[in-house]
Amino acid sequence: MTRTATPAGPARPGFLWAVPAAVFFGLFAVVPLVMVAVLSFAEWDGLSGPEFAGLDNWRTLLDDPVMVKSLWLSVLLTLLGVVVQTPLSILLGVWAAGYQRNRAVLSALYFVPMLLSVAAVSVLWRAVLDPNLGAPAHATWLFGDGNLFGTQATAIGVLVFVSTWQFTPLHMLIYQGAARAIPQVLYQAAQIDGAGTVRQFFHITLPQLRNALITSTILMVVGGLTTFDTVLILTQGGPGSDTTISAYYMYQKAFKSFDYGAASAVALLLVLVSTVISLVVVRLSGYDKMRSTMEGL
């Protein structure tokens, strides 16, 4: 296997080392994506052969108010997830990076929700928040009529809460690792200059977490736009279509209406939107221009 030598350092592995990963990525990512793109221009019910339909699927989707609404709901849920999870993840990650008493045990316990499947977590909270047998039925002073799935605002609130409960530990772990990589000499110098804990956090910790923040945000954006099973189990897109996000709308088109052409168009649209938003985040943050191996430098 070939190795390439560089003037400034030792020889690096040749491109052949990347072949297994490239083949795997091509078979399970590129090929399915191409097939979905082709199907988005065809009519297919899953039984008979696909028939070319041109731009009919795209015209139908753009004229469908439920589709347009689902796209905005996907963006809204994603933004709410970023706004709620980011500060929690940063605070918990920075705390977990310290050396407090019982820190390791508490961090491990807090990470437990991430170890559960999304389906299990959704079933759990569906039972806990059930308006007839769950907590709302016994605490009307807090939950009102008890039906948190009866209005759009409360249903969206439940989706954001459940996602935050499960996925914040993952992002906490990202910030924990980044916070531990910050050179302690920066804090020692700040203490000599008289900076307190709060000033150290905003002037040292946060700037040094820039790379981790960008990475975490991109993961939240992609995960938020592709959320499906939480909506399927908790709200089924209801009430009405008030929580029918694009991924759930795609499911309805494919497995309820058996319109796989339209479902493929929705899937391709989600890929394009996720890619564009991720590229915008990277571009605006300047992440693509960073060359240092030090966090935030």
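Residues numbered from 1 in each chain as written. Predicted model: local features only at pLDDT ≥ 70, side-chain atom pairs only at ≥ 80, totals over all residues. Heavy atoms only, no water.

Caption draft 1: A look at the overall build of the protein. Along the backbone of the protein there are 15 helices and four strands. Over its C-alpha atoms, taken along the principal directions, the protein stretches across nearly 70 × 65 × 30 Å. Counting every position in the protein, which comprises 297 residues, the buried fraction comes to 37%. Restricting the contact set of the protein to residue pairs at least 6 apart, pairs at least 24 apart contribute 67%. Surface summary for the protein: the accessible area is close to 17,200 Å², and the carbon and sulfur share equals 71%. (Helix = DSSP H or I, 4+ residues; strand = E, 2+ residues; numbered from the N terminus. Buried < 20%, exposed > 50% of the residue type's maximum accessible area, 1.4 Å probe, protein only. Contact = heavy atoms within 4.5 Å. Areas by Shrake-Rupley, 256 points an atom, 1.4 Å probe, with all protein chains shown as cover.)

Caption draft 2: Quick peek at the nonpolar core. Formed by 16 residues in total, the largest nonpolar core has its most connected members in Leu 77, Trp 125, Leu 129, Val 158, Val 162, Leu 234 and Ile 245. Among the elements of the structure, helix H3 (65-96), helix H6 (118-128), helix H9 (152-180) and helix H13 (229-234) are those that each provide at least two residues to this core. Leave out the neighbours within four places in its chain, and Leu 129 touches Pro 136, Gly 146, Leu 148, Phe 149 and Val 158. By size, the runner-up hydrophobic cluster in this structure holds 13 residues, among which are Ile 90, Ala 97, Ile 204 and Leu 209. (Core = buried A, V, L, I, M, F, W, Y, C linked by side-chain atoms within 4.5 Å.)

Caption draft 3: Fine view of the confidence of the model for the protein. Within the protein, residue pLDDT values average 88, and 92% of them lie at 70 or more. Here residues 292-297 is a poorly scored stretch, pLDDT under 50, and it has 14 contacts once near neighbours within four places are set aside; other chains count. (pLDDT = per-residue confidence, 0-100.)

Caption draft 4: Highlighting the environment of Phe 161. Structurally, Phe 161 is set in helix H9. The exposure class of Phe 161 is partly exposed, given its relative accessible area of 41%. Separated by 80 residues in the primary sequence, Phe 161 and Gly 81 place their C-alpha atoms 8.6 Å from one another.

Caption draft 5: Structural context of the packing of aromatic side chains. Inspection of the entire model under this criterion finds eleven aromatic pairs. Measuring from centroid to centroid gives 6.2 Å for Phe 41 and Trp 58, while their planes differ by 40°, and the two rings are tilted. Linking Phe 41 in the loop between helix H1 (19-39) and strand E3 (42-43) with Trp 58 in helix H2 (residues 56-63), this pair joins segments that are 17 residues apart in sequence. For Phe 41, a relative accessible area of 29% puts it in the partly exposed group. Geometrically, the ring pair formed by Trp 125 and Phe 161 is edge-to-face, given 4.9 Å between the ring centres and 85° between the ring planes. On the criterion of sequence distance, the pair formed by Trp 125 in helix H6 and Phe 161 in helix H9 is long-range, its members being 36 residues apart. Residue class for Trp 125 comes out buried when judged on its relative accessible area of 14%. Note that Arg 126 overlies the ring of Phe 149, its terminal NZ or CZ placed 4.2 Å from the centroid. (Phe/Tyr/Trp six-rings, centres within 6.5 Å; stacked < 30°, edge-to-face > 60°. Lys NZ or Arg CZ within 6 Å of the ring centre and 35° of its normal.)

Caption draft 6: Broad picture of the pattern of salt bridges. The final tally for this structure, using the stated rule, is two salt bridges. Between Lys 69 and Asp 242 there is a salt bridge, and its shortest N-O distance comes to 2.8 Å. Remark: Asp 242 occurs in the loop between H13 and helix H14 (246-255) and Lys 69 occurs in helix H3; sequence separation between them is 173 residues. (Salt bridge = Lys/Arg side-chain N within 4 Å of Asp/Glu carboxyl O.)

Caption draft 7: The arrangement of a nonpolar patch on the surface in detail. Together, Phe 15, Leu 16, Val 19, Val 23, Phe 24, Leu 27, Phe 28, Val 31 and Met 35 line one region of the surface with nonpolar side chains, adding up to about 910 Å² of accessible area. Examined against the element boundaries, Leu 16 turns out to sit in the loop between strand E2 (9-13) and H1. (Patch = residues over 30% accessible without salt bridge, like charges linked within 9 Å, V, L, I, M, F, W, Y side chains within 5 Å.)

Caption draft 8: Main features of the packing of H6 against H9. Packing of H6 against H9 leaves a shortest axis separation of 11 Å and a crossing angle of 135°. On the basis of the axis angle, H6 is oblique to H9. Read as a crossing pair, H6 and H9 show a hand that is right-handed. Here Val 118, Val 121, Leu 124 and Trp 125 of H6 come into contact with H9, specifically with Phe 161, Val 162, Trp 165, Gln 166 and Phe 167. Of the residues assigned to the contact of H6 with H9, the class counts are eight nonpolar, one polar and no charged. (Axes fitted to C-alpha atoms, helices over the stretch in contact; angles between N-to-C directions. Parallel < 35°, antiparallel > 145°, perpendicular 65-115°, else oblique. Left-handed = near helix turned anticlockwise from the far one by under 90°. Nonpolar A, V, L, I, M, F, W, Y, C, P; charged D, E, K, R; others polar.)

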